[in-house]
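Below are the chains, spelled out letter by letter.
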Amino acid sequence: MAVLEIKGLVAGYDERVLLRNLSFLVPEPAFVAIIGHNGSGKSTLLKTLTGQVPYQGQILVQGQPLKTTSGVLAQSLSYLPQKNNVAFPIKVRELVVMGLFRQKRLLEHYTAADYALTDDVLTRLHISHLSQRTFTQLSGGEQQLVWLAQLMLQNAPIALLDEPTQQLDVYHKKRVFDLMTSWVHHEQKTVLCITHDLLNLLPLQGYLLNISHPSPTLEVITPQTVLAQQQFLEERQHAPSK
Ligand SMILES: Nc1ncnc2c1ncn2[C@@H]1O[C@H](COP(=O)(O)OP(=O)(O)OP(=O)(O)O)[C@@H](O)[C@H]1O
């Protein structure tokens, strides 16, 4: 059974259609880089998959139609939006442990075992030193890594990430791409990751989906395909839809 299958997807806002007749299939757990110009509809695609944008067409998540399985879907998909704000001071460790909220009953406390998992994921991301810091006082890049830790703790089979490397320095960009791909290969996760960092994709295994293309399809990542898509995006301007 395919991890994700999208057939004839049409989605957008009010009168404005951004995704037209999009079809693609992720056959097995894989890393999929979603690329395209600003405003081409990349975030709209992830918002559609998380039920935030109305659509026509078919979306099958692990064989189940998105429209009829909202409860099950909550377990299958985790989502890291492009902008994620916290309005109150909270320690990093307390924010990350909340990644386990779906496995908890209302008002159930987090246990020592939950905090052990949290510490483990902080170590994997090399951010244990931030554990007792106040989240709102961290740099943008540090905050980004903390959100990633929370998402990894959710442990959903399919993770949707909207520009998770946006504010990271070159070292951390590479590290996050390495982490995402090793997560795919060692834990059979599927990662759909929006990114503008095309050159970081060069050494990776997975697929590319260029939403700016007139008929986007999944392409295997190779140096040739990445550079061809980079050239495509550099040479064309995004034509906004009416
Ligand atoms: N809620 C909304 N209502 C109306 N239009 C919207 C809404 N959200 C986004 N748009 C518009 O839809 C278009 C596509 O937005 P989207 O965020 O999907 O682009 P993107 O490819 O993710 O861009 P970027 O690379 O800049 O993040 C944009 O022109 C945006 O202004």
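Residues numbered from 1 in each chain as written. Predicted model: local features only at pLDDT ≥ 70, side-chain atom pairs only at ≥ 80, totals over all residues.

- Named according to an unreviewed UniProt entry, the chain is ABC transporter ATP-binding protein originating from Rufibacter immobilis.

### What about the overall build of the chain?
At step 1: Summing up its helical and strand segments, the chain has eight helices and 10 strands in all.
At step 2: Whereas a compact globule of 242 residues would reach a radius of gyration of roughly 18 Å, the chain reaches 18 Å, a difference of no more than 12%.
At step 3: Its C-alpha atoms give the chain principal-axis dimensions of roughly 50 × 40 × 35 Å.
At step 4: Scored against the burial criterion, the 242 residues of the chain give a buried share of 36%. (Helix = DSSP H or I, 4+ residues; strand = E, 2+ residues; numbered from the N terminus. Rg over C-alpha atoms; globule rule 2.2 N^0.38 Å. Buried ≥ 20, exposed ≤ 12 C-beta atoms within 10 Å, placed from the backbone.)

### Regarding helix H5 (residues 140-154)
Working note: α-helix, 3.6 residues per turn, so residues spaced by three or four point in the same direction.
At step 1: For H5, spanning 15 residues, the distance from its first C-alpha to its last is 22 Å, which sits close to the expected 21 Å at 1.5 Å a residue.
At step 2: What H5 keeps buried is the set Gln143, Gln144, Leu145, Val146, Leu148, Ala149, Gln150, Leu151, Met152 and Leu153.
At step 3: Elements that come into contact with the buried residues of H5 comprise strand S6 (77-80), helix H3 (92-97), helix H4 (112-124), strand S7 (158-162) and helix H6 (170-187).
At step 4: Immediately beyond the C-terminal end of H5, within one or two residues, lies Asn155, with a positive phi of roughly 60 degrees. (Expected span 1.5 Å × (residues − 1). Contact = placed C-beta atoms within 7 Å.)

### Examining the environment of Phe135
At step 1: The topology assignment puts Phe135 in the loop between H4 and H5.
At step 2: Residue classification places Phe135 among the buried positions, given that 20 C-beta atoms sit within 10 Å.
At step 3: For the pair formed by Phe135 and Arg93, sequence separation is 42 residues and the distance between their alpha carbons is 9.0 Å.

### Quick notes on the site of the ligand
At step 1: Taken together, Tyr13, Arg16, Leu18, Gly36, Asn38, Gly39, Ser40, Gly41, Lys42, Ser43 and Thr44 make up the full set of residues adjacent to the ligand.
At step 2: Here the shell around the ligand gets three residues from one element, more than from any other, and that element is helix H1 (residues 42-49).
At step 3: Class assignment of the residues belonging to the shell around the ligand gives a composition of two nonpolar, seven polar and two charged. (Near = placed C-beta within 6 Å. Nonpolar A, V, L, I, M, F, W, Y, C, P; charged D, E, K, R; others polar.)

### Here we look at unusual backbone geometry
At step 1: Non-glycine residue Asn21 carries a positive phi angle of around 50 degrees.
At step 2: By secondary structure assignment, the location of Asn21 is in strand S2 (residues 16-26).
At step 3: Despite not being glycine, Glu163 has its phi angle at roughly 50 degrees, a positive value.
At step 4: Along the chain, Glu163 falls in the loop between S7 and H6.

### Describing H6
At step 1: Taking 1.5 Å as the rise per residue, H6 with 18 residues should run 26 Å; its terminal C-alpha atoms sit 25 Å apart, in good agreement.
At step 2: Within the span of H6, buried status applies to His172, Val176, Phe177, Met180, Thr181 and Val184. Taken around the axis of H6, the buried residues stretch over an arc of 165 degrees, which confines them to a single face. Opposite its buried face, H6 presents the exposed residues Tyr171, His186 and Glu187, each directed more than 90 degrees away.
At step 3: Elements in contact with the buried residues of H6: strand S3 (31-35), H5, strand S8 (190-194) and helix H7 (198-201). (Arc of directions from axis to C-beta.)

### Side note on the pairing of strand S4 (residues 55-61)
At step 1: With six bridges connecting them, strand S1 (residues 4-13) and S4 associate as antiparallel partners. By the bridge assignment, Val10 is partnered in S4 with Gln56.
At step 2: With antiparallel pairing between neighbouring strands as the criterion, S4 and strand S5 (residues 64-65) make up a hairpin whose turn holds two residues, including Gln62 at a positive phi of roughly 50 degrees. (Pairing = 2+ DSSP bridges.)

### A look at the sheet that holds S5
At step 1: The strand order across the open sheet formed by four strands is S2-S1-S4-S5, and the pairing between neighbours is antiparallel. Two strands lie at the open edges of the sheet, namely S2 and S5, each paired on one side alone.

### A word on the environment of Val226
At step 1: Along the chain, Val226 turns up in helix H8 (residues 223-235).
At step 2: Exposure remark for Val226: the 21 C-beta atoms within 10 Å place this residue in the buried category.
At step 3: For Val226 and Leu198, which are 28 residues apart along the polypeptide, the C-alpha to C-alpha distance reads 6.8 Å.
At step 4: Excluding its chain neighbours within four sequence positions, the residues that come into contact with Val226 are Leu198, Leu201, Leu202, Leu208 and Ile221.

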